[in-house]
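# Structural overview
So you can see what is in the structure, the chains are spelled out below.
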Amino acid sequence: MKRRRRGKIIAIDGPAGVGKSTVGRLVAAKLGYDFINTGEMFRALTWKALSSGVEVSDFPAVAALACRLRWEFRPTPDRTLKTFIDGENAAPYLREERVSSNSSAVAANPEVRRFMCRLQRRLGGAGEIVMEGRDIGTHVFPDADHKIYLDADIDERARRRYRQLKASGARAHLGAVREAMLTRDLNDLKRKINPLSQAADAVVVDSTHLTLHEVADKIVRMVRARRQRRDGSR
Ligand code: DC
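Below you will find a few notes about this structure. In this text the structure is predicted, and so the values were computed from the model without any measurement.

### Details of helix α1 (residues 20-31)
The periodicity of an α-helix, 3.6 residues per turn, causes residues three or four places apart in sequence to face the same way. Here α1 spans 16 Å end to end across twelve residues, near enough to the 16 Å set by a 1.5 Å rise per residue. All of the buried residues in α1 are K20, S21, V23, G24, L26, V27, A28 and L31. The secondary structure elements touched by the buried residues of α1 are β1 (9-13), β2 (34-37), β6 (129-133), β7 (146-151) and α9 (212-232). The first or second residue beyond α1 is G32, which carries a positive phi of 75°.

### Points about the sheet that holds β1
Strand order in the open sheet formed by five strands is β2-β6-β1-β7-β8, and the pairing between neighbours is parallel. The sheet is open, and its two borders are formed by β2 and β8 (203-206), each paired with just one other strand. Strand after strand, the sheet turns through a mean of 20° between neighbouring axes, direction not considered. Where β2 meets β6, four bridges bridge the pair, whose relative direction is parallel. Bridged to N37 within β6 is E132. Seen against the sheet, helix α5 (residues 110-124) touches β1, β2 and β6 and runs at an angle of roughly 160° to β6.

### As for the sheet that holds strand β5 (residues 88-89)
Taken in spatial order, the three strands line up as β3-β4-β5 in an open sheet, and their pairing is antiparallel. A strand with exactly one partner marks an edge of an open sheet, and here the two such strands are β3 (71-75) and β5.

### Observations concerning the packing of helix α2 (residues 39-51) against helix α3 (residues 59-68)
As a packed pair, α2 and α3 sit with axes 10 Å apart at the nearest point and diverge in direction by 110°. When the axis of α2 is compared with that of α3, the two are roughly perpendicular. Here L45, K48 and A49 of α2 come into contact with α3, specifically with V62, L65 and A66. Taken together, the residues of the contact of α2 with α3 sort by class into five nonpolar, no polar and one charged.

### Digging into the site of the ligand
Near the ligand lie 14 residues; those nearest to it are R43, R113, R134, R184 and R191. Contact distances for the ligand include 3.0 Å between a nitrogen atom and a side-chain N or O atom of T38. Measuring from an oxygen atom of the ligand, one finds a side-chain N or O atom of D188 at 3.5 Å. Relative to its free-state accessible area of 440 Å², the ligand is covered by the protein chains to the extent of 97%. Elements that contribute at least two residues to the shell around the ligand include exactly α2, α4 (97-107) and α8 (174-190).

### Here we look at the environment of E214
Topologically, E214 is positioned in helix α9. On a C-alpha basis, the gap between E214 and V23 in space is 9.0 Å, while along the polypeptide they are 191 residues apart.

### Structural notes on the nonpolar core
Side chains of nonpolar character tend, in soluble globular proteins, to be buried together. Counting residues in each nonpolar core, the largest one holds 36 residues, and the members touching the most others are L45, W71, V112 and M116. The leading source of residues in this core is α2, at six residues. Setting aside chain neighbours within four positions, we find L45 in contact with V62, L65, A66, L69, W71, V106, V112 and M116.

### A short note on unusual backbone geometry
You will see that R79, though not glycine, has its phi angle at about 70°, which is positive. Position of R79 among the secondary structure elements: in the loop between β3 and β4 (81-85). Not every positive phi belongs to a glycine, and N194 is a case in point at roughly 45°. With respect to the secondary-structure elements, N194 resides in the loop between α8 and β8.

Cut-off values and rules
Residues numbered from 1 in each chain as written. Predicted model: local features only at pLDDT ≥ 70, side-chain atom pairs only at ≥ 80, totals over all residues. Heavy atoms only, no water. Helix = DSSP H or I, 4+ residues; strand = E, 2+ residues; numbered from the N terminus. Expected span 1.5 Å × (residues − 1). Buried < 20%, exposed > 50% of the residue type's maximum accessible area, 1.4 Å probe, protein only. Contact = heavy atoms within 4.5 Å. Pairing = 2+ DSSP bridges. Axes fitted to C-alpha atoms, helices over the stretch in contact; angles between N-to-C directions. Parallel < 35°, antiparallel > 145°, perpendicular 65-115°, else oblique. Nonpolar A, V, L, I, M, F, W, Y, C, P; charged D, E, K, R; others polar. Near = heavy atom within 4 Å. Polar contact = N/O pair within 3.5 Å; in protein donor to acceptor, adjacent residues only side chain to side chain. Areas by Shrake-Rupley, 256 points an atom, 1.4 Å probe, with all protein chains shown as cover. Core = buried A, V, L, I, M, F, W, Y, C linked by side-chain atoms within 4.5 Å.

Right under this line is the structure:
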């Protein structure tokens, strides 16, 4: 049975570098919903573990750390929820190379996943939210109103991430970005608990040959069309 909600939940899942965040933010802005990138929650915990000397491979210690921290999700003016830990904005640390390369280990920790799932359900429980990640439609909100599985060709995903890194002033090599992306895909897919997978009832959107604005427009059209069908059948 569906929980009583103020508004809809839109789950966007898919592999790394596919544009989930940009698309999710655009869709949320067009619908007037909140947006959260759940990868940032795993990245924030990775940053905290690394900066407090907790080994990411020490699963009980990382899980205990997650419980000790004070988690807050503060909205920006465009309704993106940003992660603050113990009052500090995690954003400046989330894209550090050491955080990117250690976040799969943190995301593979079953106790951490249970903790994050509880936080995510609390954040999204009332609806009017676009939540992006790997297991949102399959595990966190299996009863989400709309489930999108966003995909794109690996070469295109690597090019997009490479351009993003360059634009932010980072040094990057396309081949290395592609390799790192393949490794992360593999880690996310072969993870024992809640691996990246496509929900049976998800709509697959391939963004290889579309701009991220086109993808967002397509999703918003789908959401509105379903709303009209539902209103029309009343
Ligand atoms: O989307 P991202 O690359 O920022 O995610 C960081 C890590 O967290 C990555 O290893 C995938 C993982 N993740 C996850 O396991 N489940 C989610 N819902 C979101 C991210």
